[in-house]
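# Descriptive analysis of the structure
Here are the chains, one letter per residue:
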Amino acid sequence: MSYLMLAGSMFKISFGFYFAITAQDHVAAAQRYLGANTTGEAINQGFLGLLVAVALGLLVQIASGVADLSMVYDEEGPE
């Protein structure tokens, strides 16, 4: 899930910069292709999505580590 968010965010950021630099009417391009009012707004949304994807990935890694640790503790028993 976080990888999908990461890919979508990177897509939005990269095309936001691409349209801001190359498009004749970058506002219309952002509204049509990125679903944002301006290219700057699309880039901001992309960075926010990137931040959420990284946070979600970190939480999943932490939860996985805690689950592995609890299984080891259950097998060995309390000491």
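Structure first, text after, so check above.
Presented here is an overview of the structure given in this document. Everything numeric in this text was worked out from a predicted model, so none of it was measured.

### Some words on the overall build of the protein chain
A count of helices and strands for the protein chain gives three helices and zero strands. What you see in the protein chain, going N to C, is helices and strands ordered as α-α-α. Counting every position in the protein chain, which comprises 79 residues, the buried fraction comes to 20%. Within the protein chain, contacts between residues separated by at least 24 positions form 52% of all contacts whose residues are at least 6 apart in sequence. Total accessible area computed for the protein chain in this model is approximately 5800 Å², and 67% of it derives from carbon and sulfur atoms.

### Topic: the nonpolar core
A general feature of soluble globular proteins is that nonpolar side chains tend to end up buried together. Counting five residues, the largest nonpolar core consists of F19, A29, L34, A36 and A42. Residues in contact with F19, not counting those within four places in the same chain, are H26, A29, Y33, L34 and T39.

### Here we look at helix α2 (residues 26-34)
All of the buried residues along α2 are A29, A30 and L34. All buried residues of α2 lie within an arc of 100° about the axis, which places them on one face of the element. G35, located one to two residues past α2, shows a positive phi value of around 70°.

### Some words on the packing of aromatic side chains
Taken as a whole and judged by the stated rule, the model has five aromatic pairs. Here the aromatic rings of F15 and Y18 are separated by 6.1 Å at their centres, their planes lie at 80°, and the arrangement is edge-to-face. Pair noted here: F15 and Y18 are both in helix α1 (residues 2-22), with a separation of three residues, about one helical turn. F15 sits in the partly exposed class, given a relative accessible area of 32%.

### Some points on the packing of α1 against α2
The interhelical angle for the contact between α1 and α2, taken along N-to-C directions, is 155°, at an axis separation of 9 Å. Our classification of the angle between α1 and α2 gives roughly antiparallel. Considering how the two elements wind past one another, α1 and α2 form a crossing that is right-handed. Along its contact with α1, which presents K12, F15, G16, F19 and A20, the element α2 presents H26, A29, Y33 and L34. The residue makeup of the contact of α1 with α2, split by class, is six nonpolar, two polar and one charged.

### Brief notes about the environment of A55
Relative to the elements of secondary structure, A55 occurs in helix α3 (residues 39-76). Between the C-alpha atom of A55 and that of S2, which follows or precedes it by 53 residues, the distance is 8.6 Å.

Each value, and the rule that gives it
Residues numbered from 1 in each chain as written. Predicted model: local features only at pLDDT ≥ 70, side-chain atom pairs only at ≥ 80, totals over all residues. Heavy atoms only, no water. Helix = DSSP H or I, 4+ residues; strand = E, 2+ residues; numbered from the N terminus. Buried < 20%, exposed > 50% of the residue type's maximum accessible area, 1.4 Å probe, protein only. Contact = heavy atoms within 4.5 Å. Areas by Shrake-Rupley, 256 points an atom, 1.4 Å probe, with all protein chains shown as cover. Core = buried A, V, L, I, M, F, W, Y, C linked by side-chain atoms within 4.5 Å. Arc of directions from axis to C-beta. Phe/Tyr/Trp six-rings, centres within 6.5 Å; stacked < 30°, edge-to-face > 60°. Axes fitted to C-alpha atoms, helices over the stretch in contact; angles between N-to-C directions. Parallel < 35°, antiparallel > 145°, perpendicular 65-115°, else oblique. Left-handed = near helix turned anticlockwise from the far one by under 90°. Nonpolar A, V, L, I, M, F, W, Y, C, P; charged D, E, K, R; others polar.

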